[in-house]
Amino acid sequence: MPSNEKRYPLDQSPLFRLKRRAKLAQLLGISDRELRWLTRNADTLYREKDRPKKNGSGLRHIEDPQRPLKKVQSSLAQLLSRIDPPDFLFCPVKGRDYIQNAAQHRGNRVVRCLDIHKYFPSTKSRRVFWFFDKVLRCERDLAGTLTRLSCYREHLPTGSPLSPILSYFAHLDVWSSVAQTCKAHDCVLTVYIDDVTVSGENVSESMMWEIRQTIHRAGLRYHKEKLYVERPAEITGVIVDGKTLMPPHRQHKKIRVGEASLKVEKKPFLAQKISGQLLGLRGQIEQIRLKSKMPQPIG
């Protein structure tokens, strides 16, 4: 978040108790006529495609909004991003990252991780409407307009710049309940979009059952649950070993493979691409090394 953009409580958001369509159009940087057109045609303004996943484990289906709609979604995401985030939310929060997310769990004996399965497609339009209607208390017709601008085929689209922050707010009650459960058991909670991590001296199965039930009742599903007891834990791509943060071994392996490829690559554009990838990998490792020496700041 730029330094001149201050955060504020939810009830001080310009969207709170929004009553006028003209005001909404102004907040989104478009005319009232454009707002009406986008609202009517939102579901037709997407391109669907499949892209390889970063880890190489198959394809990811992308629902990509076209430029006019994406611009409005970006404006709405910016407005929501100015609302004060809770301490446990690390992505999408400007000024917080995956390393800080992992750092919150340093020194804890037990770490438990789980992922929300297909988080955006599982975040239904009724949940989005609930947030705009009941939490932000917008006029119902404007809550409906905001929902139509935000959703595609009755769920949050995977390619929208708005989906990461709105998926949190659409489940605000869920995450508040999970946070209360963790606090009651003296455990640390972090949420990094769909990655949920809980740690402490003792993270009981009964407490995790309560968290799973809270998630399940909201219509969400979890998978890839992992348990680490008195051993290094991988949290959002960072190894937490006691109070030390380290990159996973695969990062070093990628560097070795990249360096070997660079030595034999004869095509300049491919060599440049490999060099850029190596630069990025080394930068990630250096950031983890530097932040391992720091306290556990957030925000």
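What this report covers is the structure whose coordinates are included nearby. (Residues numbered from 1 in each chain as written. Predicted model: local features only at pLDDT ≥ 70, side-chain atom pairs only at ≥ 80, totals over all residues. Heavy atoms only, no water.)

### Points about the overall build of the protein
Counting secondary structure elements, the protein contains 12 helices and 10 strands. The C-alpha atoms of the protein give 21 Å as radius of gyration, which agrees with the globular expectation for 299 residues (19 Å, within 12%). Its C-alpha atoms give the protein principal-axis dimensions of about 55 × 55 × 40 Å. Sequence separation of at least 24 residues holds for 70% of the intrachain contacts in the protein that already meet a minimum separation of 6. Taking the average place of the 54 positive charges on the side chains of the protein and the average place of its 31 negative ones, the gap between the two points comes to 4 Å. (Helix = DSSP H or I, 4+ residues; strand = E, 2+ residues; numbered from the N terminus. Rg over C-alpha atoms; globule rule 2.2 N^0.38 Å. Contact = heavy atoms within 4.5 Å. Lys, Arg positive; Asp, Glu negative; His and termini not counted. Charge placed at Lys NZ, Arg CZ, Asp CG, Glu CD.)

### Considering a positive patch on the surface
Among the surface-exposed residues, Arg51, Lys53, Lys54, Arg60, Lys118, Lys224 and Lys226 lie close enough to one another that they form a single positively charged patch. Along the chain, Lys224 turns up in strand E7 (residues 222-229). What makes Lys224 exposed here is its relative accessible area of 53%. (Patch = residues over 30% accessible without salt bridge, like charges linked within 9 Å, V, L, I, M, F, W, Y side chains within 5 Å. Areas by Shrake-Rupley, 256 points an atom, 1.4 Å probe, with all protein chains shown as cover. Salt bridge = Lys/Arg side-chain N within 4 Å of Asp/Glu carboxyl O. Buried < 20%, exposed > 50% of the residue type's maximum accessible area, 1.4 Å probe, protein only.)

### Regarding the pattern of salt bridges
Summed over all chains, the structure comprises 17 salt bridges. The closest approach of N and O atoms between Lys49 and Asp64, which form a salt bridge, is 3.6 Å. A residue pair is termed long-range when its members are at least 10 positions apart, and Lys49 in strand E1 (residues 46-52) and Asp64 in strand E2 (residues 59-65) qualify at 15 residues. Look at Asp64 and you get buried, because its relative accessible area is 12%. Residue Asp133 pairs with Lys134 through a salt bridge whose shortest N-O separation is 3.7 Å. Within this structure, Arg112, Glu205, Arg212 and Glu225 form a network of salt bridges that share partners.

### Here we look at the sheet that holds strand E9 (residues 238-241)
Strands in a sheet are paired, the pairing made by backbone hydrogen bonds, and the direction either parallel or antiparallel. Spatially, 3 strands are ordered E8-E9-E10 in an open sheet, and the strand pairing comes out antiparallel. In the strand order of this sheet, the two ends are held by strand E8 (233-235) and strand E10 (244-246), each with one partner. Neighbour-to-neighbour, the strand axes of the sheet open up by a mean angle of 35°, direction not taken into account. Taken strand by strand, helix H12 (residues 268-292) contacts E9 and E10, and its axis lies near 180° from that of E10. (Pairing = 2+ DSSP bridges. Axes fitted to C-alpha atoms, helices over the stretch in contact; angles between N-to-C directions.)

### So, the environment of Thr190
Topologically, Thr190 is positioned in strand E5 (residues 188-192). Under the relative-accessibility criterion, Thr190 is labelled buried at 0%. Setting aside residues no more than four positions away along its own chain, Thr190 makes contact with Phe88, Phe90, Asn101, Gln104, His105, Asp195, Val196 and Thr197. A polar atom in the side chain of Thr190 sits 3.1 Å from the side chain of Asn101. (Polar contact = N/O pair within 3.5 Å; in protein donor to acceptor, adjacent residues only side chain to side chain.)

### What to know about helix H3 (residues 67-81)
End to end, H3 covers 20 Å across 15 residues, agreeing with the expected 21 Å (1.5 Å per residue, within 8%). Among all positions of H3, only Leu69, Val72, Gln73, Ser75, Leu76, Ala77, Leu79, Leu80 and Ser81 are buried. (Expected span 1.5 Å × (residues − 1).)

### Section: the packing of helix H6 (residues 125-135) against helix H8 (residues 163-170)
Packing of H6 against H8 leaves a shortest axis separation of 9 Å and a crossing angle of 75°. Here H8 runs roughly perpendicular to H6, going by the angle between their axes. Across the interface between the two elements, Arg127, Val128, Trp130, Phe131 and Phe132 of H6 pack against Leu166, Phe169 and Ala170 of H8. (Parallel < 35°, antiparallel > 145°, perpendicular 65-115°, else oblique.)

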